[in-house]
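Survey of secondary and tertiary structure
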Amino acid sequence: QVQFVESGGGLVQPGGSLRLSCAASGIAFVVSEMAWYRQAPGKERDLVAAVTSGTSTKYADTVKGRFTISRDNAKNTVYLQMNSLKPEDTGVYYCNARDSGGSPRFPFSWGQGTQVTVSS
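Here's what I pulled together on the structure shown here.

Side note on the state of the cysteines
Taken as a whole and assessed by the stated rule, the structure comprises 1 disulfide. One disulfide bridge connects Cys22 with Cys95, the sulfur atoms lying 1.6 Å from each other. Within this pair, whereas Cys22 is found in strand 3 (residues 18–25), its partner Cys95 is found in strand 9 (residues 91–98), the two being separated by 73 residues in sequence. Judged by relative accessible area, which is 0%, Cys22 ranks as buried.

Written out as structure tokens, the structure reads:
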């Protein structure tokens, strides 16, 4: 059974930092490209960052230089370090594996997500 469990969100002031974690199970984690997605209120879920099995990374233009994605294959866990947070980073953050075409690999197995709210 595919499962993603996200954690680490919260309320933070602009300029602050958070570190998100996502524990994956039921997938071949070591060989999977993993990704973080964000769904802002009233908007679609968009790619934030991705990391390949070879640890190459990709970021949305809006987060480049502020966010860092990483993975721990021993723990089947992917992380998102978010620095210099802005109000527009607010949303629910989800993780999933990513297929060769760039789409979520398990579109029917989203976790509960973790809420990030950036506000003063």
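What about unusual backbone geometry?
Its identity as a non-glycine residue notwithstanding, Thr55 has a phi of 70 degrees, on the positive side. At Asn76, a residue that is not glycine, the phi angle is positive and equals roughly 50 degrees. Looking at the element boundaries, Asn76 is found in the loop between strand 7 (67–72) and strand 8 (77–82). A residue is classified by how much of its surface remains accessible, and Asn76, at 25% relative accessible area, is partly exposed.

Conventions and cut-offs
- Residues numbered from 1 in each chain as written.
- Predicted model: local features only at pLDDT ≥ 70, side-chain atom pairs only at ≥ 80, totals over all residues.
- Heavy atoms only, no water.
- Disulfide = S-S within 2.5 Å.
- Helix = DSSP H or I, 4+ residues; strand = E, 2+ residues; numbered from the N terminus.
- Buried < 20%, exposed > 50% of the residue type's maximum accessible area, 1.4 Å probe, protein only.

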